[in-house]
Amino acid sequence: MKDVASIVELLNRAHLELLEACEQIPANRWKRNPPKGGWSASEVVAHLTMVEAAVWNGVREELSKKTPRHSFFNRLHIPVVMAAYRVIKRKNPIPLDSAMIKARQEALESYSAARNRTLKFIAEQASRNLAPYRRKHPFLGSLNLYDWMRMLAYHEMRHTKQIREIGKSFEK
């Protein structure tokens, strides 16, 4: 079994940083797109909420299967820390659900609830070895379930940077 304490710490730290960044966006600009285009802060948080739910639906699906075996080549992937970088902008593989675009407090409560479900799930699986279970990521390759947990934190860090950029764009 893997000690997931460092993963939980990473998830908690990433989430706290996101919440702090969101507080810097004025309420009247929460749903406004930046002057040069791109997502609003509300759309970013909606995306994060949707990704968190999609990841854990996939994880549950993988865990319902018989313990798989994967070849060496099937285990290759790009390091999950790359999800934190905004050098290469990616197209969202999950279409944004407009019903998820909410006022700041409601959006952050929904996202925090999704994160809390993730943390609860991790705690429930603490005695189980999740390393043999893998699922394909649209950009990074085949990730084991521990990598997926870390990817959620790095993905959140990526979008925290985006929210900070949104906030700065309104200052100009």
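Refer to the structure printed above.
Residues numbered from 1 in each chain as written. Predicted model: local features only at pLDDT ≥ 70, side-chain atom pairs only at ≥ 80, totals over all residues. Heavy atoms only, no water.

## Focus on the overall build of the chain
Short version of the rule: In this text, helices come from DSSP runs of H or I with a minimum length of four residues, and strands from runs of E with a minimum of two, each type numbered from the N-terminal end. For each residue, the accessible area found with a 1.4 Å probe, counting protein chains only, is set against the maximum for its type, and the residue is called buried under 20%, exposed over 50%, and partly exposed in between. The contact criterion used is simple: two residues touch if any of their non-hydrogen atoms lie within 4.5 Å.
When you go through the chain residue by residue, the secondary structure sums to four helices and two strands. Written out in order from the N terminus, the α and β elements of the chain read α-α-α-β-β-α. Across the 172 residues that make up the chain, the buried fraction comes to 46%. Pairs at least 24 apart in sequence give 84% of the contacts found in the chain among residues at least 6 apart.

## Concerning the pairing of strand β1 (residues 134-137)
Worth spelling out the cut-off: Note: two strands are recorded as paired if DSSP finds a minimum of 2 bridges between them.
Note: β1 against strand β2 (residues 141-144), four bridges, orientation antiparallel. Bridged to Arg135 within β2 is Leu143. A loop of three residues connects β1 with β2, the two strands running antiparallel in sequence.

## Re the environment of Tyr146
In plain terms, the rule: Pairs of N or O atoms are called polar contacts if they sit within 3.5 Å, as long as, within protein, a hydrogen donor faces a hydrogen acceptor (for residues adjacent in sequence, only side-chain-to-side-chain pairs).
If you trace the backbone, Tyr146 turns up in helix α4 (residues 145-169). In sequence terms Tyr146 and Ile122 are 24 residues apart; their C-alpha atoms lie 9.5 Å from each other. A polar atom in the side chain of Tyr146 sits 3.1 Å from the backbone nitrogen of Leu130.

## Remarks on the packing of helix α2 (residues 41-63) against helix α3 (residues 104-124)
Selection criterion: To define axes, lines are fitted to C-alpha atoms, for helices over the stretch in contact only, and angles between the resulting N-to-C directions are given on a 0 to 180 degree scale. Note on terminology: angles under 35 degrees are roughly parallel, angles over 145 are roughly antiparallel, angles of 65 to 115 are roughly perpendicular, and the others are oblique. Each crossing gets its handedness from the near helix: less than a right angle anticlockwise from the far helix is left-handed, clockwise is right-handed. Classes in brief: Ala, Val, Leu, Ile, Met, Phe, Trp, Tyr, Cys and Pro nonpolar; Asp, Glu, Lys and Arg charged; the others, Gly included, polar.
Interaxial distance between α2 and α3 falls to 9 Å at its minimum, and their mutual angle equals 25°. The angle between α2 and α3 falls in the class roughly parallel. Relative to α3, the crossing made by α2 is left-handed. Taken together, the residues of α3 that come into contact with α2 (itself represented by Val45, Leu48, Thr49, Glu52, Trp56, Val59, Arg60 and Leu63) are Ala107, Leu108, Ser110, Tyr111, Ala114, Arg115, Thr118, Phe121 and Ile122. Tallied by class, the residues present in the contact of α2 with α3 amount to eleven nonpolar, three polar and three charged.

## Thoughts on the nonpolar core
Formally: Nine residue types can take part in a nonpolar core, namely buried Ala, Val, Leu, Ile, Met, Phe, Trp, Tyr and Cys, and a core is a set of them joined through side-chain atoms within 4.5 Å.
Ranked by size, the top nonpolar core spans 26 residues in total, and within it Val55 and Trp56 carry the most contacts. Broken down by secondary-structure element, the contributors of at least two residues to this core are α1 (5-23), α2, α3 and α4. The greatest single-element share of this core, amounting to nine residues, is contributed by α4. Those residues in contact with Trp56, other than ones at most four positions away along the chain, are Thr118, Phe121, Ile122, Met149 and Leu152. If you look at the next biggest cluster of nonpolar residues, it comprises 15 residues, including Cys22, Leu48, Tyr111 and Phe170.

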